[in-house]
Amino acid sequence: MTTPTDLAVPSDRWLWQKATLKEPTVLQSFAFDEAHKHLYVLQVTATGHAAGDLCLNRLDYQGNRLGAMRLKGFGHGVSMGVQRDAEDGSTWIWTEADAENGYGQGVTRFHFKNAAVRTGADVRIRKPVPGSTNNQPSVCMASKRIAVRYRDKAGRPRYRIWDLDAFTAHDYGNPIADIAQTGAHPDPEIPFQGYALHGDFIYQLAGTAYDPKTNPAAKKGNTYISSLDITTGKLLQRQRTEAGYTLTHREPEGVAVRGGSDRKVYLGFASGELGARRFSIFVKDAEQP
């Protein structure tokens, strides 16, 4: 994992225009449980934007829904992580928690339970960066690290990365890195749409849905995928992607990484009509040097 994925390689369809999520809303983020071949997908519920109510879907790798649960007052679902317990092999899901104005002000982890409803009172909420807001986690099991994207006291987005075992044990005092979020899009006003930690690199997604005036479909969108080096904080690569350009609506939503040395980067897109959204996932799958 000393070399980042080349983001210029073509993107291939992995899942295409699926309508299997529990809620009729867009996907927000997703992550892989590779040991069990499960795909976890977060959505904001249809009526939950202000409250931060989320729906967590568990799918198989064909996109079929295997179950779903509700997370009341957790956040916006900007990112998420999957952690495999080394002792018992169980799967922990990391998400935002403690929503304020629709965004989580801390992070938490819990086990998936089909049809369950969780509230902040059911989980232990962690606030590892004192004074920060809008905390959003991502987990890399290949390096056994966790990142939290947060806003500092001045409102600037940053990433802080820890050893996963230390973080799980509530030891936040010796982070591996703390870097500014930078370079997600050439236009800093374009919305950030997710990130994923893998090894020494953070992959970022930014862009907007099609719009006849500001982002016409004929130009195949304004979505960019980028990578940062957590050891230096430098932007390594930023690449415009036309993946899924034939989709209607086509809003970039979520990025995840699978694998160890092969580092396959997956990009999510929402499509379809309001109230009946679908999702597609593309993969940058090329042999790495």
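Before reading further, recall that the structure is shown in the block above.
Caption draft 1: A look at the overall build of the protein. Looking only at helices and strands, the protein has 1 helix and 20 strands in total. For the protein, the C-alpha atoms occupy an extent of roughly 50 × 40 × 40 Å along the three principal directions. A total of 289 residues make up the protein; the buried ones form 57% of that total. A separation of at least 24 residues holds for 52% of the contacts in the protein among residues at least 6 apart in sequence.

Caption draft 2: Structural context of the packing of aromatic side chains. In total, this model carries 15 aromatic pairs according to the counting rule given. Here Phe30 and Phe32 contribute two aromatic rings whose centre-to-centre distance is 6.2 Å and whose plane-to-plane angle is 85°, an arrangement assigned as edge-to-face. Among the residues examined, Phe32 registers a relative accessible area of 9% and is labelled buried. Across from the ring centre of Trp92, 3.7 Å away, lies the NZ or CZ of Arg109, which sits over that ring. Looking at Arg258, its charged tip hangs above the ring of Phe32, at a distance of 5.2 Å from the centre.

Caption draft 3: The arrangement of the nonpolar core in detail. Judged by nonpolar contacts, the single largest core of 17 residues is most densely connected at Leu56, Leu71 and Phe110. With 3 residues, the single largest contributor to this core is strand S3 (residues 38–44). Apart from residues no more than four positions distant in its own chain, Leu56 is found in contact with Tyr40, Val41, Leu42, Gly67, Ala68, Met69, Leu71, Met80, Ile93, Phe110 and Phe112. Counting 16 residues, the second-largest nonpolar core is a separate cluster that includes Phe30, Phe32, Val41 and Ala256.

Caption draft 4: Examining the sheet that holds strand S15 (residues 201–206) more closely. Taken together, the 4 strands give an open sheet; going across it, the order is S14-S15-S16-S17, and neighbouring strands pair in antiparallel fashion. Only two strands of the sheet have a single partner each, and these edge strands are strand S14 (192–198) and strand S17 (235–240). The sheet shows a mean angle of 15° between the axes of neighbouring strands, direction not considered. Sheet topology places S14 next to S15; 6 bridges connect them, and they run antiparallel. If you follow Gly194 over to S15, its bridge partner there is Leu205.

Caption draft 5: Main features of the sheet that holds strand S19 (residues 264–273). Reading across the sheet, the 4 strands line up as S1-S20-S19-S18 and stay open at both edges, with antiparallel pairing between neighbours. In the strand order of this sheet, the two ends are held by strand S1 (12–18) and strand S18 (251–258), each with one partner. When strand polarity is set aside, the average angle formed by the axes of neighbouring strands in this sheet is 20°. Relative to strand S20 (residues 276–284), S1 runs antiparallel, the two sharing 4 bridges. Looking at the pairing, Leu15 lines up with Ile281 of S20.

Conventions used here
- Numbers given for residues are sequential positions, taken from 1 along each chain in its written order.
- The model is predicted, so local features are restricted to residues of pLDDT at least 70 and side-chain atom pairs to those at 80 or more, both for listing and for counting; the totals for chains, interfaces and linings are taken over all residues.
- With hydrogens and water set aside, each side-chain value is computed from the structure's full complement of heavy atoms.
- Counting from the N terminus, the helices are the DSSP runs of H or I reaching at least four residues and the strands are the DSSP runs of E reaching at least two.
- Relative accessibility under 20% of the residue-type maximum defines a buried residue, over 50% an exposed one, and the middle range a partly exposed one, all with a 1.4 Å probe and only protein chains included.
- Contacts are assigned to residue pairs with any non-hydrogen atoms lying within 4.5 Å of each other.
- Each Phe, Tyr or Trp ring, with Trp reduced to its six-membered ring, pairs with another whose centre is within 6.5 Å; inter-plane angles below 30 degrees give stacked pairs, above 60 give edge-to-face pairs, and intermediate values give tilted ones.
- Only lysine NZ and arginine CZ atoms are considered, and such an atom sits over a ring when it is within 6 Å of the ring centre and within 35 degrees of the ring normal.
- The term nonpolar core refers to a set of buried residues drawn from Ala, Val, Leu, Ile, Met, Phe, Trp, Tyr and Cys, joined through side-chain atoms within 4.5 Å.
- By this definition, two strands are paired if DSSP reports at least two bridges between them.
- Here an axis means a line fitted to C-alpha atoms, over the contact stretch when the element is a helix, while the angle between two N-to-C directions is reported on a 0 to 180 degree scale.

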